[in-house]
Amino acid sequence: MNESTHLKGREISYELVRKNVKNINLRVRSDGSVYVSANDKIPLSAITGFLEKKAGFILVALDKYEELRKYTEGIRSYCSGESYRYIGKELRLTVSHGKNDIATDGVYLYLSTTDKGDIEMKRKLVSKWYDKQCRELFPAIINEIYPIFRKYGVAEPKLTVREMISRWGSCQPKRGIITLNKRLIETPRNCIEYVVMHEFIHFLHPNHSKMFYDLLSTLMPDWRERKKTLSAFSSIL
């Protein structure tokens with residue numbers, strides 16, 4: 001059911017799902033929606049009080065996702081001076097006239113095109129460039145981490161890359177598939193390593209149990225710092 005409340009003067013709508021859970025659970029999704037689950041015995045007034053206590057977190061998260069949407073959905077002209085994220089860095093776009101091509105030196109993203117006024121062509125060139133970076137970096141990281149899990153009997157997984165709304169990654173252990181969000185290429189390399197490790201551990205522990213986090217802490221002791229860095233880009237894990 002849909003409910004609403006006022007938090008620090010702002011009206012916030014949220015989806016309330018009644019289910020057999022012990023605590024009131026809260027999630028702010030990347031699409032700007034707020035999800036709350038609670039059992040039938042908890043009155044609406046208690047849920048409202050819980051949300052008021054979490055008002056700071058909720059409003060910060062909503063504002064962050066709004067800024068993210070402006071970044072991802074904003075109308076780009078693909079003109080010189082625009083900024084593009086790549087493995088934690090901001091690349092400045094430089095557009096010139098020439099054959100259709102794109103490359104970077106780690107500071108600038110050089111885009112040449114036969115028609116500087118063709119926005120769709122420039123968009124496709126940038127998108128294909130990101131796709132190429134994903135195809136090169138993601139498998140390399142998986143190949144670095146996989147040997148750790150071979151001894152646990154995990155078969156070498158198949159990688160798929162696609163745009164995802166609310167996750168950095170997912171896995172299908174029974175089918176041997178790891179899926180990574182294309183936008184993960186914008187985050188630092190150690191964040192990508194964290195997401196890959198996270199998904200690999202799900203091949204052994206399908207939920208976020210104590211055993212899951214114990215193994216994660218053993219194999220990647222600094223995972224909390226990596227996750228915190230990742231959260232600066234978008235808190236969706």
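Every value quoted in this text rests on a predicted model; they were computed, and no experiment measured them.

## Quick look at the sheet that holds strand β8 (residues 108-113)
Item 1. Pairing is mixed in the open sheet, where 4 strands are placed in the order β5-β6-β8-β7. This sheet does not close on itself; its edge strands, each paired only once, are β5 (83-86) and β7 (101-104). Here the average twist between neighbouring strands, direction ignored, is 30°.
Item 2. Taken together, the 4 bridges between β5 and strand β6 (residues 89-97) define a ladder with antiparallel strand orientation. Across the sheet, the residue bridging to R85 is E90, located in β6.
Item 3. Contacting β5, β6, β7 and β8, helix α3 (residues 119-150) crosses the sheet at an angle of about 130° to β8.

## Section: a nonpolar patch on the surface
Item 1. Together, V107, Y108 and Y110 make up an exposed nonpolar region whose accessible area comes to about 280 Å².
Item 2. When you line up the elements, Y110 lands in strand β8.

## Structural notes on the packing of α3 against helix α4 (residues 189-202)
Item 1. In contact at an axis separation of 10 Å, α3 and α4 are set at 50° when each is read in the N-to-C sense. On the basis of their axis angle, the class for α3 and α4 is oblique. The two elements α3 and α4 meet at a crossing, and its hand is right-handed. Seen from α3, the contacting residues are L137, F138, I141, I142, E144, I145, Y146, I148 and F149; seen from α4, they are R189, I192, E193, V196, M197, F200 and I201.
Item 2. Counted by class, the contact of α3 with α4 contains 13 nonpolar, no polar and 3 charged residues.

## Some details on the packing of aromatic side chains
Item 1. The full count for this structure, using the stated rule, is 11 aromatic pairs.
Item 2. Aromatic side chains Y78 and Y84 sit 6.2 Å apart centroid to centroid with 25° between the ring planes, which places their arrangement in the stacked category.
Item 3. Their ring planes at 10° and their centres at 4.9 Å tell us that F149 and F200 sit as a pair that is stacked. Taken together, the positions of F149 in helix α3 and F200 in helix α4 put the pair 51 residues apart, joining distant regions of the chain. The pair formed by F149 and F200 is uniform in burial state, with each residue classed as buried.
Item 4. Taken together, the ring pairs connect Y146, F149, Y152, F200 and F203 into an aromatic cluster.
Item 5. The positively charged end of R76 is found above the aromatic ring belonging to Y84, 4.0 Å away from the centroid.

## Focus: the sheet that holds strand β4 (residues 34-38)
Item 1. Ordered by their spatial adjacency, 4 strands build an open sheet running β1-β2-β4-β3, and the pairing between neighbours is mixed. At either margin of the open sheet sits one strand with a lone partner, and together these are β1 (2-7) and β3 (25-28). When strand polarity is set aside, the average angle formed by the axes of neighbouring strands in this sheet is 30°.
Item 2. Note: β1 against strand β2 (residues 10-18), 6 bridges, orientation antiparallel. Paired with H6 across the two strands is E11, which belongs to β2.

What counts, and at which threshold
- One numbering rule holds for all chains: residues counted from 1, following each sequence as written.
- Confidence filtering applies because this is a predicted model: local features only for residues at pLDDT of at least 70, side-chain atom pairs given and counted only at 80 or more, and all residues used for totals across whole chains, interfaces and linings.
- To obtain the side-chain values, all non-hydrogen atoms of the structure were included, while hydrogens and water were left out.
- Strand pairing follows a simple DSSP-based rule, namely that at least 2 bridges must link the two strands.
- Strands here mean DSSP runs of E at least two residues long; helices mean DSSP runs of H or I at least four residues long; both are numbered from the N terminus.
- For every element, the axis is a line fit to its C-alpha atoms; helices are fit only across the contacting stretch, and the angle between N-to-C directions ranges from 0 to 180 degrees.
- The contact criterion used is simple: two residues touch if any of their non-hydrogen atoms lie within 4.5 Å.
- Patch definition: residues above 30% relative accessible area lacking any salt bridge, with like charges linked at up to 9 Å and the nonpolar side chains Val, Leu, Ile, Met, Phe, Trp and Tyr linked at up to 5 Å.
- For every accessible area listed, the method is Shrake-Rupley and the probe measures 1.4 Å; residues are considered covered only by the protein chains on display.
- By definition, a salt bridge exists where a carboxyl oxygen of Asp or Glu is found within 4 Å of a side-chain nitrogen of Lys or Arg.
- Working definition: roughly parallel below 35 degrees, roughly antiparallel above 145 degrees, roughly perpendicular at 65 to 115 degrees, and oblique for all remaining angles.
- The crossing is said to be left-handed when, going from far helix to near helix, the turn is anticlockwise and less than a right angle, and right-handed when the turn is clockwise.
- Just so you know the grouping, Ala, Val, Leu, Ile, Met, Phe, Trp, Tyr, Cys and Pro go in nonpolar, Asp, Glu, Lys and Arg go in charged, and all remaining residues, Gly too, go in polar.
- Classification of ring pairs uses Phe, Tyr and Trp, with its six-membered ring standing for Trp, and accepts pairs whose centres are within 6.5 Å; under 30 degrees between planes counts as stacked, over 60 as edge-to-face, and the remaining range as tilted.
- Here's how the labels work: a residue is buried when its accessible area is under 20% of the maximum for its type, exposed when over 50%, partly exposed in between, all with a 1.4 Å probe on protein chains only.
- Comment: the charge-over-ring label is applied if NZ (Lys) or CZ (Arg) is within 6 Å of the ring centre and within 35 degrees of the ring normal.

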